[in-house]
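Coordinate inspection notes
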Amino acid sequence: MPQPTTHKTSVAALAFDLLPGAGGVVTEAHLLPPGPFRAVDGRPEECSAWQLDAAIAARVVRLAASRKTDILIDFEHQSLRARQNGQRAEAAGWIPRSMEWRDGSGLYATGIAWVGDTAELIAQKKYRYISSVFLYDADSGEVLEIISVALTNTPALDGLEALADLARTFSVSSTHMEADMADEKQVAALTVE
């Protein structure tokens, strides 16, 4: 029986400005740009660049659609910090496993459902950025999966420690790869304008 392909898997977070739609309510968000792309500070270090194109995005979209649970949007990556700081990780919103590739722009979440007063916080610019946490192949830079998304006002390197914790504890399994984040972990938090 063939063994699953094993990849060195890493985690990164990438932030984009939120742009309110009709009536000031955002229902979609730009998650990742087309690749190759790098952080303004030069990351990633373990590969030449992160890679995302239509074919890679199609796999990411299929994987998201196959999930049984919606993708969490939290505040300030609190879902990654909850174990360390003991605070609740409340949902700001949910992505109903729906993403799409847009040629020339990249990967987008669609059909976002905001929780409570989150849409108002965005319209008032009390939260301005969205930051995607994603797994990527540390050798090729290929984006593998969107893990979660956060509303944030500090999208640069804040949360790096929380992402490192995620890398130590998160285990990834799919039909094309199986990896343990405890091995060969690399973590990045990015800002793109």
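Quick look at the structure, then. (Residues numbered from 1 in each chain as written. Predicted model: local features only at pLDDT ≥ 70, side-chain atom pairs only at ≥ 80, totals over all residues. Heavy atoms only, no water.)

1. What about the overall build of the protein chain?
Where we set the bar: Strands are runs of DSSP state E lasting at least 2 residues, helices are runs of H or I lasting at least 4, and numbering of each runs from the N terminus. Relative accessible area decides the class of each residue, using a 1.4 Å probe on protein chains only: under 20% of the type maximum gives buried, over 50% gives exposed, and in between gives partly exposed. Throughout, a contact is declared for two residues whenever any of their heavy atoms are within 4.5 Å. Areas reported as accessible are Shrake-Rupley estimates using a 1.4 Å probe. Residue values count occlusion only from the protein chains shown.
Within the protein chain, the regular secondary structure consists of 4 helices and 12 strands. Taken across its 193 residues, the protein chain has 46% of its residues classed as buried. Residue pairs in contact within the protein chain that sit at least 24 positions apart in sequence constitute 67% of those at least 6 positions apart. Accessible surface, the protein chain: about 9400 Å² in total, of which carbon and sulfur atoms supply 50%.

2. As for the nonpolar core
Put simply, the rule is: Nonpolar cores are built from buried Ala, Val, Leu, Ile, Met, Phe, Trp, Tyr and Cys residues. Side-chain atoms within 4.5 Å join them into one set.
L32 and I146 are the most contacted members of the largest nonpolar core, which has 33 residues in total. Excluding its chain neighbours within four sequence positions, the residues that come into contact with I146 are L31, L32, V60, R67, M99, L107, V133 and F134. Core analysis: the second largest hydrophobic core is formed by 5 residues, L80, L135, L144 and I147 among them.

3. Observations concerning the sheet that holds strand β6 (residues 106–109)
For clarity, the threshold we go by: Two strands are counted as paired when DSSP detects at least two bridges linking them. The convention used is that axes are lines fitted to C-alpha atoms, helices contributing only their stretch in contact, and that angles between N-to-C directions extend from 0 to 180 degrees.
The antiparallel open sheet is built from 3 strands, whose spatial order is β2-β6-β5. The strands lining the two open edges of the sheet, one partner per strand, are β2 (29–32) and β5 (99–102). For this sheet, the mean angle separating the axes of adjacent strands, direction not counted, is 40 degrees. Across 4 bridges, the pairing between β5 and β6 is antiparallel. For E100, the partnering residue across the bridge sits in β6 and is Y108. The strands that helix α1 (residues 54–66) touches are β5 and β6; relative to β5, the one it contacts most, it runs at about 170 degrees.

4. Let's talk about the pattern of salt bridges
Opposite charge on two side chains makes pairing possible when the charged atoms of those side chains draw close. Put simply, the test is: The working definition used for a salt bridge is a side-chain nitrogen of Lys or Arg within 4 Å of a carboxyl oxygen of Asp or Glu.
Applying the stated criterion across every chain yields a total of 5 salt bridges. One salt bridge in this structure joins R102 and E28, with 2.8 Å as the shortest N-O distance. Placement of R102 in strand β5 and of E28 in the loop between β1 (9–17) and β2 is noted, with a sequence separation of 74 residues between them. The exposure class of R102 is partly exposed, given its relative accessible area of 23%. Between E142 and R59 there is a salt bridge whose closest N-O contact spans 2.6 Å. Of this pair, E142 sits in the loop between β8 (129–137) and β9 (143–152) while R59 sits in helix α1, and the two are 83 residues apart along the sequence. Salt bridges sharing common partners tie together E28, E100 and R102.

5. Observations regarding the side chain of H30
Convention followed: In protein, a polar contact requires one atom able to donate a hydrogen and another able to accept it; more generally it is a pair of N or O atoms within 3.5 Å, and residues adjacent in sequence count only if both atoms are side-chain atoms.
If you trace the backbone, H30 turns up in strand β2. Here the side chain of H30 touches L32 through a polar contact of 3.3 Å, landing on its backbone oxygen. Within the local environment of H30, its side chain forms a polar contact with the backbone oxygen of S105, the two atoms lying 2.7 Å apart.

6. Considering unusual backbone geometry
Generally, phi is negative for residues other than glycine and the peptide bonds are trans, each holding for most cases. Each neighbour pair has its own omega, and for G35 with P36 the value is 5 degrees, a cis peptide bond. Positioned with a positive phi, K125 is a non-glycine residue whose angle comes to about 60 degrees. With respect to the element layout, K125 can be found in the loop between α3 (118–123) and β8.

7. What to know about the side chain of S132
Relative to the helices and strands, S132 resides in strand β8. Only 3.2 Å separates the side chain of S132 from the backbone oxygen of L31, close enough to count as a polar contact.

8. With respect to the packing of aromatic side chains
The condition that has to hold: Only centres within 6.5 Å qualify two rings of Phe, Tyr or Trp (six-membered ring in Trp) as a pair; their planes then separate them into stacked at under 30 degrees, edge-to-face at over 60, and tilted for everything else.
Using the criterion set out here, one finds 6 aromatic pairs in the structure. Arranged with centres 6.0 Å apart and planes meeting at 75 degrees, the rings of W50 and F134 form a pair that is edge-to-face. Of this pair, W50 sits in the loop between β2 and α1 while F134 sits in strand β8; the two residues are 84 residues apart in sequence, bridging distant segments of the chain. This pair shows no difference in class: W50 is buried, exactly as F134 is.

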